Amino acid sequence: MGEKTDQPETDGGTPQEDPTFEQVDWASIDSGETPRRKKEYVWFGIVSAWLIGVVYDVYSQHIAGTGAAEFPVVGIISPVDWLWSITLLVFVYYGLVPLAENRRMTRYYWKEFRKNKAAVISGLFLTVIFAVGVIGSRVLPAPERTPGLENQPPVWGSVEDYVTGNDCPGGTTVVDGVTMCQGSWAHPLGTTSSGEDILRASIYGMEVSMQVGLIATLLSITLAAAVGLTAAYYGGLVDEVLMRYVDIQITFPTFFLFLLLAYTVGGSLFVLILIFGLFGWGSSARIMRAEALQRREEPYIQAAKNAGASSFWTVRRHLLPNISNSLITAASLTIPSIILAEAAIAFLGLGDLTVASWGRIISGGRDQLRTAWWIATIPGVFLFFTILAFNFLGDALRDALDPRHGGSGE
Amino acid sequence: MSSITDNETDVDAVSSGSQPLLELSDLHTYFRTDSGTVKAVDGVSLTVEAGETVAIVGESGSGKTVTSEAITQLYKSPPAFVPDGSIRINGKEVTEMSDAELRQVRGGEVSHIFQNPQGALNPVYTIGWQIKEAINLHSDLTKEEVRERAVKLLTQVGIPEASSRLDDYPHEFSGGMKQRVLIAIALACEPDLLIADEPTTALDVTIQAQILQLLNRLQSERNMGMLFITHDLGVVAQIADRVAVMYSGKIMEQGPVETIFEEPAHPYTRALLDCLPGRGTIGGIPGDLPDPKSLPKGCRFADRCQHAVENCRAGDQPPMYQVRNDPQHTTSCVHFGPGMDPGTVLDSEVGDTDLTTDGGADSR
């Protein structure tokens, strides 16, 4: 879209120049909408900078052959971090910024969202997981294999001495003639059978799960929305071609595609995210197409056409907001399923063994459930509650954000 | 309230110029379906001048809406297509336009008001957003000018405290108010032609009268042409200058509004007038519209016509014959052809035709 067609969003101007309008009303509207144009330029700048960075990185790695590009301040940026950064930026620009600008709607959404207590708790839980994961994995040292510190129990527990490694920082006690190794604050949630600190591994796992869930879902939902809406809006041959492609894509499970690539080019986290993001959107596209087919027949779509709007404008500004219900449903189904899929792949040992995934730790503890239960259980609990929280959150968001539900903000 | 006589002088002034605002000639619009081609509009010729209101009347399924949608190609294509005929707006041929040109015509030169105000406003945007969208699609005004214009438009269509209501969502408006907003959106880029497709059908009677008055006033203020689609003859009497009666994709009769009501020529028009409450038969016109996939030979109304004769069921739909000595009044009925006696139809009984006088404050 050109500059001109972006204008309906831009409203306002300085209220002082316009004494004829009621100052109170316009002041509140303008405060939100005046910086819009500026905001678009800033966003354009950020995306351009990101693209230039990616291109430079790709160039120096694959064309110049000088290895990963080093950037000032941040140093080397891994492929996953490139995707992660743009995902978070998109989340801020399309999620948080509009909410901050339109206070009235935000209040209304919050009022609706608050009704669902489980969702509020889920939201808090996920925020904590997200913040601890993102900050923790950058501040804390990575968990390392430490010979001698294997199978340390959590701080509140103790275990027979022979289970653990040679060291026992929490000290030993003798109960009924058996030497027990006590847990210690050095490793509050114990260690794995190779001596990795479970707390730190779990914190690193938090970021991995968030990365997998959010990046792959953003990719997947964007593609699904583009394909689903295009198919529904144009119908006919376009619809036929796109949806038959979706049929074909769905018959080829992403899981096997990942296996294929894991054996050929290696199954890094980056490859996993791309596979699930680029090939896992079929069912979401079907959901969105189904709703878009209905919305497409609404008179306001014809009214937009009648006003002289282009097809892209109609789809982007009129069709997309009205299927947000399906979009959020699809996203709230996709996030947990991708996180679970990543955990499953790591559990099977097919993923990147250097990545501290919850699935890999669970897998490492599965032989020792009887002697060292905490190894598999603690990351399992994190995984369980994260999936549950995403499901609750998606449910509540769908109810609160459905624009056709009202939204008067009274 | 401006009177219709003003309009009529405008008509004269403009029609002495070269080309009409809208000219449909022999327009066909068909739909391809699995079970055959639906001939929704099958040869319609019609003109609308600036400042003039032309009403298309007819029962449901007679092709009124498809005709109006064909003008700016609003229908979904495929299945719809125009096999024949031309649509000229200000002399420009619509059927040969590119998408970009069409977008300029839509909203800029020709604007629609839809039947259902509940659905035609997007529920996720404020009405201010939607009016500004319409303005921005066709002009390069600054933000302040756009907002000013939006407020002015809302005030013009009679929405009180317009500037504060810009920030309201459609569901915060009543049905009549929504229709006013839609009219404001339709007028946003000062179209030359306004197509109103049953704009009052979804509204109650008091609101209906207000909306008609509003349309009448706006039309004479701006000297717009208006094509008014309706099945309600009472509304036609209030708003139209000329009337085209449609049946089964064809125009059956055309003429000035007074003539149509005082001396309806086509048996179908007479049957329609007979169906008005308080006159003639309550039961309506017996029979149904012919199947648009397999149209009968001869006159399409023949099967339901009490004056049908042998001639009616052969050949094509009769051409438009002049009725009596009025060159403006034409009808597609064999009884008005050369060598036939129009009296067969004209002298038969039809309900009182004093409808033109009960149109309310702004009627002629």
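Residues numbered from 1 in each chain as written. Chains lettered and ligands numbered in written order. Predicted model: local features only at pLDDT ≥ 70, side-chain atom pairs only at ≥ 80, totals over all residues. Heavy atoms only, no water.

## Description of the packing of helix 3 (residues 79-101) of chain A against helix 9 (residues 269-279) of chain A
The description of two packed helices rests on the angle between their axes and on the distance between the axes.
All names here are of chain A.
And then number 1: Put simply, helix 3 and helix 9 touch, their axes get as near as 8 Å, and they point 45° apart. As the angle between them shows, helix 3 and helix 9 are arranged oblique. On the side of helix 3, the interface is formed by P79, V80 and L83, while helix 9 contributes L269, F270, I273 and L274. (Axes fitted to C-alpha atoms, helices over the stretch in contact; angles between N-to-C directions. Helix = DSSP H or I, 4+ residues; strand = E, 2+ residues; numbered from the N terminus. Parallel < 35°, antiparallel > 145°, perpendicular 65-115°, else oblique. Contact = heavy atoms within 4.5 Å.)

## Some words on the confidence of the model for chain A
Residues and elements named next belong to chain A.
And then number 1: Looking at chain A, the pLDDT average stands at 83 and 89% of residues meet or exceed 70.
And then number 2: Below a pLDDT of 50 lies the segment residues 1-35, which in the model reaches 71 contacts outside its immediate sequence neighbourhood of four places, other chains included.
And then number 3: Here residues 406-410 is a poorly scored stretch, pLDDT under 50, and it has 13 contacts once near neighbours within four places are set aside; other chains count. (pLDDT = per-residue confidence, 0-100.)

## Some thoughts on the packing of aromatic side chains
And then number 1: Enumeration according to the criterion identifies 22 aromatic pairs over all chains in this entry.
And then number 2: Where W373 of chain A meets W374 of chain A, the ring centres are 5.8 Å apart and the plane angle is 85°; that geometry is what we call edge-to-face.
And then number 3: Residue classification places W373 of chain A among the partly exposed residues on the basis of a relative accessible area of 36%.
And then number 4: Here a set of aromatic residues connected by ring pairs shows up, and it is made of W50, Y56, F71 and W82 of chain A.
And then number 5: Sitting above the plane of the F81 of chain B ring, R32 of chain B keeps its charged end 4.0 Å from the centroid.
And then number 6: Sitting above the plane of the F173 of chain B ring, R165 of chain B keeps its charged end 4.1 Å from the centroid. (Phe/Tyr/Trp six-rings, centres within 6.5 Å; stacked < 30°, edge-to-face > 60°. Buried < 20%, exposed > 50% of the residue type's maximum accessible area, 1.4 Å probe, protein only. Lys NZ or Arg CZ within 6 Å of the ring centre and 35° of its normal.)

## Considering helix 10 (residues 282-296) of chain A
Residues and elements named next belong to chain A.
And then number 1: For helix 10, spanning 15 residues, the distance from its first C-alpha to its last is 20 Å, which sits close to the expected 21 Å at 1.5 Å a residue.
And then number 2: Within helix 10 the residues assigned to the buried category are G282, S284, A285, M288, E291, A292, R295 and R296.
And then number 3: Check the buried side of helix 10 and you find it contacts helix 6 (198-234), helix 7 (236-251), helix 11 (299-306), helix 12 (311-322) and helix 13 (324-347). (Expected span 1.5 Å × (residues − 1).)

## Considering the nonpolar core
And then number 1: One finds I131, L154, I183, L215 and F228 of chain B to be the most contacted residues of the largest nonpolar core, which totals 67 residues.
And then number 2: It is helix 8 (residues 175-187) of chain B that provides the largest number of residues to this core, a total of 7 residues.
And then number 3: Excluding its chain neighbours within four sequence positions, the residues that come into contact with F228 of chain B are T53, V54, A55, I56, A196, P199, L212, L215, V235 and I239 of chain B.
And then number 4: Judged by nonpolar contacts, the second largest core, of 54 residues, contains W84, I362, A376 and F390 of chain A. (Core = buried A, V, L, I, M, F, W, Y, C linked by side-chain atoms within 4.5 Å.)

## Some words on helix 12 (residues 267-274) of chain B
All names here are of chain B.
And then number 1: Here helix 12 lies mainly inside the structure; 8 of its 8 residues are buried.
And then number 2: The set of residues buried in helix 12 consists of P267, Y268, T269, R270, A271, L272, L273 and D274.
And then number 3: As for helix 12, its buried residues are in contact with helix 10 (233-239), strand 10 (242-247), strand 11 (250-256), helix 11 (257-262) and helix 13 (343-346).

## Description of the pairing of strand 11 of chain B
All names here are of chain B.
And then number 1: Most of strand 11 is tucked away, with 7 of its 7 residues classed as buried.
And then number 2: Here 6 bridges tie strand 10 to strand 11, and the two strands are oriented antiparallel to one another. Bridging from a neighbouring strand, R242 pairs with P256 of strand 11.
And then number 3: Remark: 2 residues form the turn of the hairpin made by strand 10 and strand 11, two consecutive strands paired antiparallel; S248 in that turn has positive phi of roughly 50°.
And then number 4: Here strand 11 pairs with strand 13 (residues 326-331) via 2 bridges, running antiparallel. Bridged to E253 within strand 13 is T331. (Pairing = 2+ DSSP bridges.)

## Things to note about the environment of A70 of chain B
Residue and element names in this part refer to chain B.
And then number 1: As for its position among the elements, A70 is in helix 2 (residues 64-71).
And then number 2: Each C-alpha atom of the pair A70 and D197 lies 12 Å from the other, and the pair is 127 residues apart in sequence.
And then number 3: Beyond its immediate sequence surroundings of up to four residues, A70 is in contact with L27, T29, Y75 and I87.

## Considering the side chain of D168 of chain B
And then number 1: Within the secondary structure layout, D168 of chain B lies in the loop between helix 7 (162-165) and helix 8.
And then number 2: The residues contacting D168 of chain B, other than those within four sequence positions of it, are R104 of chain A together with T126, I127 and F173 of chain B.

## Regarding the environment of T106 of chain A
Residue and element names in this part refer to chain A.
And then number 1: With respect to the helices, strands and loops of the structure, T106 is situated in helix 4 (residues 103-114).
And then number 2: You can call T106 partly exposed: its relative accessible area is 24%.
And then number 3: Between the alpha carbons of T106 and L401 there is a distance of 9.7 Å; along the sequence they are 295 residues apart.
And then number 4: Beyond its immediate stretch of four places on either side in the chain, T106 contacts L99 and A100.
And then number 5: A polar contact is formed between the side chain of T106 and the backbone oxygen of N102, at a distance of 2.8 Å. (Polar contact = N/O pair within 3.5 Å; in protein donor to acceptor, adjacent residues only side chain to side chain.)

## Some points on the pairing of strand 8 (residues 193-197) of chain B
Residue and element names in this part refer to chain B.
And then number 1: Counting buried residues in strand 8 gives 5 out of 5 residues, a clear majority hidden from the surface.
And then number 2: Neither face of strand 8 is left uncovered, since the one carrying L193, I195 and D197 and the one carrying L194 and A196 both have all their residues buried.
And then number 3: Two elements, strand 7 (residues 110-113) and strand 8, share 4 bridges in a ladder whose sense is parallel. Bridge assignment links I113 to a residue of strand 8, and that residue is A196.
And then number 4: Judged from the 5 bridges that link them, strand 8 and strand 9 (residues 225-230) form a sheet pairing that is parallel. Residue pairing across strands places L194 opposite M226, the latter belonging to strand 9.

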